[in-house]
Amino acid sequence: MKKLYILLLSLITTASFSQATDLFFSQYGEGSGNNKFLEIYNGTGQDVDLSNYAFPSVANTPDVPGTHEYWNDFPEGAVVANGDVYVIAHPSASDEITATADHFHQYLSNGDDGYALALGTEDQYSVIDFIGDFNGDPGEGWDVAGVTNATKDHTLVRKSTVTLGNGGQWEASAGSEPSDSEWVVLDQNDWTYV
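Residues numbered from 1 in each chain as written. Predicted model: local features only at pLDDT ≥ 70, side-chain atom pairs only at ≥ 80, totals over all residues. Heavy atoms only, no water.

(A) Summary view of the overall build of the protein. A count of helical and extended segments in the protein gives three helices and eleven strands. Burial status across the protein gives 51% buried among its 194 residues. Relative to all contacts within the protein whose residues are 6 or more apart in sequence, the contacts with residues 24 or more apart total 65%. A total accessible area of about 8700 Å² is found for the protein, and carbon and sulfur atoms account for 45% of it. (Helix = DSSP H or I, 4+ residues; strand = E, 2+ residues; numbered from the N terminus. Buried < 20%, exposed > 50% of the residue type's maximum accessible area, 1.4 Å probe, protein only. Contact = heavy atoms within 4.5 Å. Areas by Shrake-Rupley, 256 points an atom, 1.4 Å probe, with all protein chains shown as cover.)

(B) Fine view of the sheet that holds strand 9 (residues 125-131). Pairing is antiparallel in the open sheet, where three strands are placed in the order 4-8-9. Pairing within the sheet leaves two strands with one partner each, and these edge strands are strand 4 (53-54) and strand 9. (Pairing = 2+ DSSP bridges.)

(C) Structural view of the pattern of salt bridges. Taken as a whole and assessed by the stated rule, the structure comprises three salt bridges. Close ionic contact of Glu-182 with Arg-158 constitutes a salt bridge, the shortest N to O distance being 2.7 Å. You can see Glu-182 sitting in the loop between helix 3 (170-174) and strand 11 (183-186) and its partner Arg-158 sitting in strand 10 (residues 154-158), a full 24 residues away along the chain. On the basis of relative accessible area, Arg-158 is assigned to the buried category, the value being 0%. (Salt bridge = Lys/Arg side-chain N within 4 Å of Asp/Glu carboxyl O.)

(D) Geometry of the sheet that holds strand 11. The strand order across the open sheet built from six strands is 7-6-2-1-10-11, with neighbouring strands paired in mixed fashion. The sheet is open, and its two borders are formed by strand 7 (103-104) and strand 11, each paired with just one other strand. As paired elements, strand 2 (residues 36-41) and strand 6 (residues 85-89) share five bridges and run antiparallel to each other. Note that in strand 6 the partner of Ile-40 across the bridge is Tyr-86.

(E) Just the side chain of His-154, in detail. You can see His-154 is positioned in strand 10. For His-154, a relative accessible area of 17% corresponds to the buried category. There is a polar contact of 2.7 Å between the side chain of His-154 and the backbone oxygen of Lys-152. Sequence-distant contacts of His-154, that is, excluding residues within four places in its chain, are made with Tyr-28, Gly-29, Glu-30, Val-147, Asn-149, Val-185, Leu-186, Asp-187 and Gln-188. (Polar contact = N/O pair within 3.5 Å; in protein donor to acceptor, adjacent residues only side chain to side chain.)

(F) Quick look at the packing of aromatic side chains. Under the defined criterion, the tally for this structure stands at eight aromatic pairs. With a centroid separation of 4.7 Å and an interplanar angle of 85 degrees, the aromatic rings of Phe-130 and Phe-134 are classed as edge-to-face. The class of Phe-130 is buried, set by a relative accessible area of 8%. Site record: aromatic cluster; members linked through ring pairs are Phe-55, Phe-74, Tyr-86 and Tyr-115. (Phe/Tyr/Trp six-rings, centres within 6.5 Å; stacked < 30°, edge-to-face > 60°.)

(G) Molecular detail of the nonpolar core. If you look at the biggest cluster of nonpolar residues, it comprises 31 residues, and the most contacted ones within it are Leu-38, Leu-50, Phe-74 and Trp-170. Elements that contribute at least two residues to this core include exactly strand 1 (24-30), strand 2, strand 6, strand 8 (115-120), strand 9 and helix 3. Excluding its chain neighbours within four sequence positions, the residues that come into contact with Leu-38 are Phe-25, Gln-27, Tyr-28, Phe-55, Tyr-86, Val-87, Ile-88, Leu-108, Tyr-115 and Ile-131. Of all hydrophobic cores here, the second largest spans twelve residues; its members include Ile-97, Ala-101, Val-162 and Trp-191. (Core = buried A, V, L, I, M, F, W, Y, C linked by side-chain atoms within 4.5 Å.)

(H) Summary view of the pairing of strand 9. The sheet contact formed by strand 8 and strand 9 spans six bridges and is antiparallel. Residue pairing in the sheet places Ala-118 in a bridge with Val-127 of strand 9. With antiparallel pairing between neighbouring strands as the criterion, strand 8 and strand 9 make up a hairpin whose turn holds four residues.

What follows is the structure, encoded as structure tokens:
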């Protein structure tokens with residue numbers, strides 16, 4: 001059964017959770033093999049129809065730095081309920097991940113592929129949140145909370161103090177140490193909170 005993000009937050013920290021102004025990435029997993037997923041949290045106070053959202057991406061180095069290479073739409077009719085999460089998983093991920101999945105997407109990150117959560121159309125959109133960026137290949141992965149290459153072979157969990165996406169400011173979101181990061185970095189294949 002899919003665990004609610006709010007339960008996750010209470011387990012990681014005792015900070016109280018405020019209402020979000022929009023959707024945002026709440027978890028990211030880049031595990032062994034195809035054990036990969038993105039999790040989006042809705043704390044807006046209402047159910048959200050995902051037809052106006054997408055999760056554009058780049059694979060390694062984009063042809064035009066700063067611009068997505070792939071526009072990834074949500075399936076028709078996709079909705080994320082208030083207080084719930086929407087999980088995008090690789091179709092060959094472990095049973096623990098696929099059992100929670102709302103949507104399957106075969107081309108998830110190997111640690112160095114940037115993903116955005118965007119509102120709008122491919123021709124005109126605004127970035128709500130980023131994991132990584134679209135500026136070029138970071139090497140093995142992006143550093144998060146002082147962990148080198150944390151977007152590779154790790155699970156990232158958003159802290160409960162976060163109530164909105166980073167608006168494209170990935171470096172500020174990632175931080176340079178645990179205290180200034182919006183993320184908690186877990187070990188590879190830690191699916192505890194999915």
